[in-house]
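# Structural characterization, general
Listed here are the chains, written in short residue letters.
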Amino acid sequence: MPHSETRQPLDVAILGTRGIPACYGGFETFAEELSLRLFQRGHRVTVYGRPGYVDPRLAIYRGVRISVLPCWRHKYFETLTHTAVSTTTALFHSHDVILICNAANAVFSWVPHLAGQKVALNVDGIERLRKKWNWLGRIFYGLSEYLATELPDVAISDARAIQDYYRREHGAETVFIPYGAPPEKVSGVETVLELGLDPGRYVLYVSRLEPENNAHLVIEAYLNSGVDLPLVLVGDAPYNPLYKKSLKEQAAKGNVIMPGAIYGAPYRELLSHCFCFVQATEVGGTHPALVEAMGAASLVLANDTVENREVVGDSGLLYPFNDARGLGLLLREVYRRPEHYRDLGTRAQRRVAHHYSWEAVVRSYEDLFYELVANGPA
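A brief report on the enclosed structure follows.

Procedures and definitions
- Residues numbered from 1 in each chain as written.
- Predicted model: local features only at pLDDT ≥ 70, side-chain atom pairs only at ≥ 80, totals over all residues.
- Heavy atoms only, no water.
- Pairing = 2+ DSSP bridges.
- Helix = DSSP H or I, 4+ residues; strand = E, 2+ residues; numbered from the N terminus.
- Salt bridge = Lys/Arg side-chain N within 4 Å of Asp/Glu carboxyl O.
- Buried < 20%, exposed > 50% of the residue type's maximum accessible area, 1.4 Å probe, protein only.
- Core = buried A, V, L, I, M, F, W, Y, C linked by side-chain atoms within 4.5 Å.
- Contact = heavy atoms within 4.5 Å.
- Axes fitted to C-alpha atoms, helices over the stretch in contact; angles between N-to-C directions.

### A look at the pairing of strand 4 (residues 64-68)
Here strand 2 (residues 44-49) pairs with strand 4 via four bridges, running parallel. Paired with threonine 46 across the two strands is arginine 65, which belongs to strand 4. Where strand 3 (residues 60-61) meets strand 4, two bridges bridge the pair, whose relative direction is antiparallel. Its bridge partner lying in strand 4, tyrosine 61 is registered against valine 64. In this structure, the hairpin formed by strand 3 and strand 4 is closed by a connection of two residues, where arginine 62 is found at a positive phi of approximately 50 degrees.

Below, the structure is given as structure tokens:
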């Protein structure tokens, strides 16, 4: 397909996230990276955001239009109410394509069709498996998976494992477009020093602090590993204060630092200068923090899930699934013999440049959007 320079620019809207600039999680970083690059390629882009995460006075962010719309701030209903308002509002704008993030929002993916807008839905991971959902939430997410195969014009998976899951469980094809990351190691260490850390002398974990992301197992493994480097847990738990409290109590038993959520340049500094990076998640597709750590040439120790195995390939180390003892032994091994694993960071960075570059990701989305538009009215 020709590049966007030879095609008419598109009007693209991205919704279903908390908005940009990113200040929450992987979908928000994805929305920022994709929207800015689409704008740079000549497209008109709007990102719909939520109050509390995006300054309501912010109308333009680096060329991307920002629309902050209301929602019900509730663990179970915030995403759904915001997407309902966003898809309805989008009907009255000239968007050619609506990109909706999160399979939970599939129930609203028919709405843009009322205005002839094409709809792509990024399904993320298998959300119904998350421990935070009760039985009703799991039923809803199971239904959402089915709707994701029926209501939007196309469903997108960011991992081959998720693509295989939809094919196996729902007999449906999704388009595979991975998450991206910059293959670069930054030189700055200001944030590292501000946290009282020495470059190259700390173990790093980054994720939302939710049970299925297994921060508690990482702390347990670290405490039993005998490694005398500090463990830095980056992340927050806005809807689970009890779990966060339990982590702090556990962390108090050792040299564990919990600075909260960190984004942007300070986050990249931490990735670039850690001794090793632990990826402990058990649910989801391609995990942004894992790809970003690999792009920063970190030595990666990852929970052995199908999705993590797919991303890491031969450029990192896997420990047995959810096995704190196995992770502790692996931490001890790499700490005692770091010279044996030094080349894995370089190999990981090359893997990101080859398979997970943002430029390739954005081109894939751009080509998909043009294909949708070329197929005629919704």
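Additional details are given in the paragraphs that follow.
### Side note on the pattern of salt bridges
In the structure shown here, the tally under the stated rule is 19 salt bridges. With a shortest N-O distance of 3.0 Å, aspartate 164 and arginine 167 are connected by a salt bridge. With aspartate 164 and arginine 167 both in helix 4 (residues 160-170) and three residues apart, the pair spans about one turn of that helix. Residue glutamate 333 pairs with arginine 337 through a salt bridge whose shortest N-O separation is 2.7 Å. A relative accessible area of 24% means that glutamate 333 is categorised as partly exposed. For arginine 337, a relative accessible area of 36% translates into the label partly exposed. The network of salt bridges with shared partners includes Arg7, Arg41, Glu366 and Asp367.

### Thoughts on the nonpolar core
Soluble globular proteins tend to bury their nonpolar side chains together. One finds Ile14, Phe30, Leu34, Leu99, Tyr365 and Phe369 to be the most contacted residues of the largest nonpolar core, which totals 34 residues. Secondary-structure elements contributing two or more residues to this core are strand 1 (11-15), helix 1 (26-40), strand 2, strand 4, strand 5 (97-101), strand 7 (154-157) and helix 13 (358-374). Among the elements that line this core, the one with the most residues is helix 13, at eight residues. Not counting chain neighbours up to four residues away, the residues in contact with leucine 99 comprise Ala13, Ile14, Leu15, Phe30, Leu34, Ala120, Asn122, Ile156, Tyr365 and Phe369. Within the second largest apolar cluster, 33 residues are counted, among which are Leu217, Tyr222, Val227 and Leu299.

### A word on the sheet that holds strand 10 (residues 231-234)
Strand order in the open sheet formed by six strands is 11-10-9-12-13-14, with parallel pairing between adjacent strands. The open sheet has two free edges, formed respectively by strand 11 (256-260) and strand 14 (317-319), since each of these has just one partner strand. Each strand axis lies, on average, 25 degrees off the axis of its neighbour in the sheet, ignoring direction. Examined bridge by bridge, strand 13 (residues 300-303) and strand 14 share three bridges and lie parallel to one another. Bridged to alanine 302 within strand 14 is leucine 318. Contacts from helix 9 (residues 288-295) reach strand 9 (203-206), strand 12 (276-279) and strand 13 within the one sheet, and its direction differs from that of strand 12 by about 160 degrees. On the sheet, helix 11 (residues 324-336) packs against strand 9, strand 12, strand 13 and strand 14 and is oriented at approximately 150 degrees with respect to strand 14.

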